[in-house]
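# Examining the three-dimensional arrangement
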Amino acid sequence: MIVGRGPSALAALLLLCCYTTHAAAADLADKLRDDSELSQSTAKSFKRLMPVRFYSLLEQNPVANATLSLRSCTIFVPTNEAFQRHKGPTHVLYHITTAAFSKDQLEKTVSSDMEGNPPLYITKSRNGDIYVNNARIIPSLSVELTNREGKRQVMHIIDEVLEPLTALPTAKTEINNLDALQFIQKADQLSVGDNKLRTYRSQLALMKKESLYNAPGAHTFLLPVDEGFKITTRSSLVDGKVIDGHVIPNTVIFTAASQHDEPKTSAAFEDQLKVTVSFFKQKDGKMYVKSNTIVGDAKHPEGVVLSEIVKANIPVKNGVIHLIRRPLMIIDTTVTQFLQFVNDNGENGALRKFLEVIMDSGGAVLDGINNLSEVTILAPSNEAWNTSSIDNIVRDRKRMTDILNMHIIKERLNVEKIRQKNANMIAQVPTVNNRTFLYFNIIGEGADAKITVEGGGVNATILQADVAQTNGYVHIIDHVLGVPHTTVLGKLETDPMMSDTYRMGQFSNFNDQLNNTQRRYTFFVPRDKGWQKTELDYPSAHKKLFMRDFAYHSKYILERHLVIADHVFTMKDLAQMSLTTDNVVLPTFRDSLKMKVTEEAGHLHDEYASHEWTGYVITWNYKKINVYRPDVECTNGIIHVIDYPLLEEKDIVVSGGSYMPESSICIMLANLIMITVAKFLN
């Protein structure tokens, strides 16, 4: 018989979990107390999961001991790692219920054994994980036993310590199992750090919305702290509808179990006003919540408002509370003020690094934004700046200013407007520098659609769209535009405008060389619409260009478009060179490419373009070809996207279902002549 007591008893229990889910004539008390006398190697194998500290706390709690000995129960046991992360006291009875629940039997709420029986909330995620409040139940480590009294008992191992709502030591009254309204009213007596709710509490009373917060059920409440009301007029904008927008009814969302960026209907969702709320987590671990006013009115404009969660996962009698840095739905700052609040209030921490770079570049960019009556900013996230390629550029103020200006658009451009622009083509939008354009593309449909933007050779995805301000929008993106991070091949592969060229280069093995970082390429890439035009001009030839049987000829055509030298040629370089010569001669793989580059005004970008600007035009073999996107930078070269391939009718001979370039025919004829001569001489 095993005798004695000690923490190693939990190793035995965990070992038991791996081999059985039921045991007779035993209870959790025995398993928690008995010494297993396991070998050191076995104990070490479970060391990471052994909840030794929790065992010690159980021993010291007479109510917990009595429950384990005499009653049915479920006990949620945190791992040792969870205790190492946990700060503050541990409430053992909050981890115990007086009914036995296997994972499949857990209901949406279960009552804990803590005084006042505050509920524990159970969430089942899409991938099958089960959460108790913010703690995940670790799969395969649950055990079910029957104690000596014949009572069923279940233990689940969880990855976080459960934290109930508690009062400050200085609280004058006893506080047990408060609902959300009681929480707001007694917040100054509760253990919620330095966060105060006095402003929001006053507005709640003024608007007579108390019933929203003491409603029975299980809801999610988002409460803005006083820090978010430093703008003196902001509190007056908190009306009844705004208060409704801070509640997600009939749904409990703890951050660990939340679905990233999944909109939930708020209490402000009706015919004339529709507001959703969603959660998302940055790579630095910070959690944010955002409101999206889909349908607005005169007092509640459409758009997204972001707010950082400053204290998350506070369980109350009727749901869960998250304290947030600023109120949702309220749009009361300009784009400039929004950016400045990153430093002044810490309000928009998701863009902290973006503002640092703006200020380090001299602040002129911020002044320029401030002078615009309407503006849209594509703001790289904090993580987007963490690349070595950017570290070298930030020291160059002039180049950094050019790059930052690439992220600024002189109009109000929300997602809906991008969709409209994208109806007939990839949407193109000029930045504050009218010679630089951004290209938006929508991939997918509905809720799964994502929007990408290309600028200066970099493709970025919009992570958070339509963050609304009084004079425009901010879209948070995942890369810094204008700082290349991919090779010519990588760009060709990922850019939707160059897919035909990429496809042709793949089956002809032309693309293999484009990943070589020891070379410098200048690649004139026909956009997909350019290849489509050749289908009208040379239908038979176009079809064969994209057939594997004619890969040699496709490769020959593409090689004409690729300049290989010890440096790249920008469009500005080529235009300057063209001023002193009729034809600029550029070295290609087989021969040379002769062209002239000029700047011309007009509609150079599709018949749908609404702007007129000066752009580059290539003259090649007496043909004028517009440059659709100049100077797309890559790590090993530069791409110029052109409106039409460097191709003409005499290049292609179609006969008997096949074709080949004229030069190839000459080579074959020469070979035949040589063979004939050789035979004659023999």
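Because the structure is a prediction, the values reported are computed rather than measured. (Residues numbered from 1 in each chain as written. Predicted model: local features only at pLDDT ≥ 70, side-chain atom pairs only at ≥ 80, totals over all residues. Heavy atoms only, no water.)

Attention now goes to helix α8 (residues 198-206). Of the residues making up α8, those classed as buried are Y200, Q203 and L204. Axial view of α8: buried residues confined to an arc of 105 degrees, hence all on one face. In this structure, the buried side of α8 is in contact with α7 (180-185), α9 (210-213), β9 (219-224) and α10 (240-244). One or two steps after α8, the chain reaches K208, where phi turns positive at roughly 55 degrees. (Buried < 20%, exposed > 50% of the residue type's maximum accessible area, 1.4 Å probe, protein only. Helix = DSSP H or I, 4+ residues; strand = E, 2+ residues; numbered from the N terminus. Arc of directions from axis to C-beta. Contact = heavy atoms within 4.5 Å.)

So, on to the sheet that holds strand β8 (residues 152-158). Across the sheet, 4 strands lie side by side as β2-β1-β8-β7; this open sheet has mixed pairing. Across the chains shown, the open sheet's two edge strands, defined by having one partner strand only, are β2 (96-97) and β7 (143-146). Taken together, the 2 bridges between strand β1 (residues 73-78) and β2 define a ladder with antiparallel strand orientation. When the bridges of β2 are listed, T74 appears paired with T97. (Pairing = 2+ DSSP bridges.)

Remark: the empty space left among the atoms is shown by a probe the size of a water molecule rolled over them. Under the criterion given, the structure shown has 4 cavities of 30 Å³ or more. Its boundaries defined by the atoms lining it, the largest cavity holds a volume of some 50 Å³. For the largest cavity, the full set of lining residues is I426, Y439, N441, T452, E454, N459, D495, P496, M497 and R629. For the lining of the largest cavity, the secondary-structure elements that each account for two or more residues are β19 (437-443) and β20 (450-455). (1 Å grid on protein atoms, 1.4 Å probe; cavity = no way out; pocket = protein on both sides within 12 Å on 5 of 7 lines; lining within 4 Å. Points joined across faces, edges and corners; volume = space filled by probe spheres on them.)

Turning our attention to helix α5 (residues 62-70). All of the buried residues in α5 are A64, N65, T67 and L68. One face of α5 carries all of its buried residues, which in axial projection span an arc of 160 degrees. Among the exposed residues of α5, those pointing more than 90 degrees away from its buried face are P62 and L70. Capping the start of α5, N61 holds a side-chain oxygen 3.1 Å from the backbone nitrogen of V63, two or three residues further along. (Polar contact = N/O pair within 3.5 Å; in protein donor to acceptor, adjacent residues only side chain to side chain.)

To continue, consider the packing of aromatic side chains. Counting across every chain of the model gives 9 aromatic pairs. Relative to Y213, the ring of Y200 lies with its centre 6.5 Å away and its plane at 80 degrees, an arrangement referred to as edge-to-face. Within this pair, whereas Y200 is found in helix α8, its partner Y213 is found in helix α9, the two being separated by 13 residues in sequence. Assessed through its relative accessible area of 1%, Y200 is described here as buried. Centroid distance F280 to Y288: 5.4 Å. Interplanar angle 10 degrees. Geometry classified as stacked. Per residue, the accessibility class of F280 equals that of Y288, and both read buried. For R527, the ring lying beneath its charged end belongs to Y628, and the centroid distance is 3.9 Å. The ring of Y439 is capped by R629, whose NZ or CZ atom sits 4.7 Å from the centre of that ring. (Phe/Tyr/Trp six-rings, centres within 6.5 Å; stacked < 30°, edge-to-face > 60°. Lys NZ or Arg CZ within 6 Å of the ring centre and 35° of its normal.)

Of all residues in the chain, 84% have pLDDT values of 70 or greater, and the mean over the chain is 83. Here residues 1-25 is modelled with pLDDT under 50, and outside its nearest four sequence neighbours on either side it reaches 61 contacts, counting other chains as well. A low-confidence stretch, residues 35-50 (pLDDT under 50), is modelled with 29 contacts involving residues beyond four sequence positions or located in other chains. (pLDDT = per-residue confidence, 0-100.)

With antiparallel pairing, 4 strands are arranged side by side in an open sheet as β3-β4-β5-β6. Each edge of the open sheet is held by one strand with a lone partner, namely β3 (109-111) and β6 (135-136).

One can find L492 in helix α17 (residues 488-494). Since its relative accessible area comes to 0%, L492 is described here as buried. Along the backbone, L492 and N511 are 19 residues apart, and their C-alpha atoms lie at a distance of 9.1 Å. Beyond its immediate sequence surroundings of up to four residues, L492 is in contact with M498, T501, Y502, N511, L514, F523 and V525.

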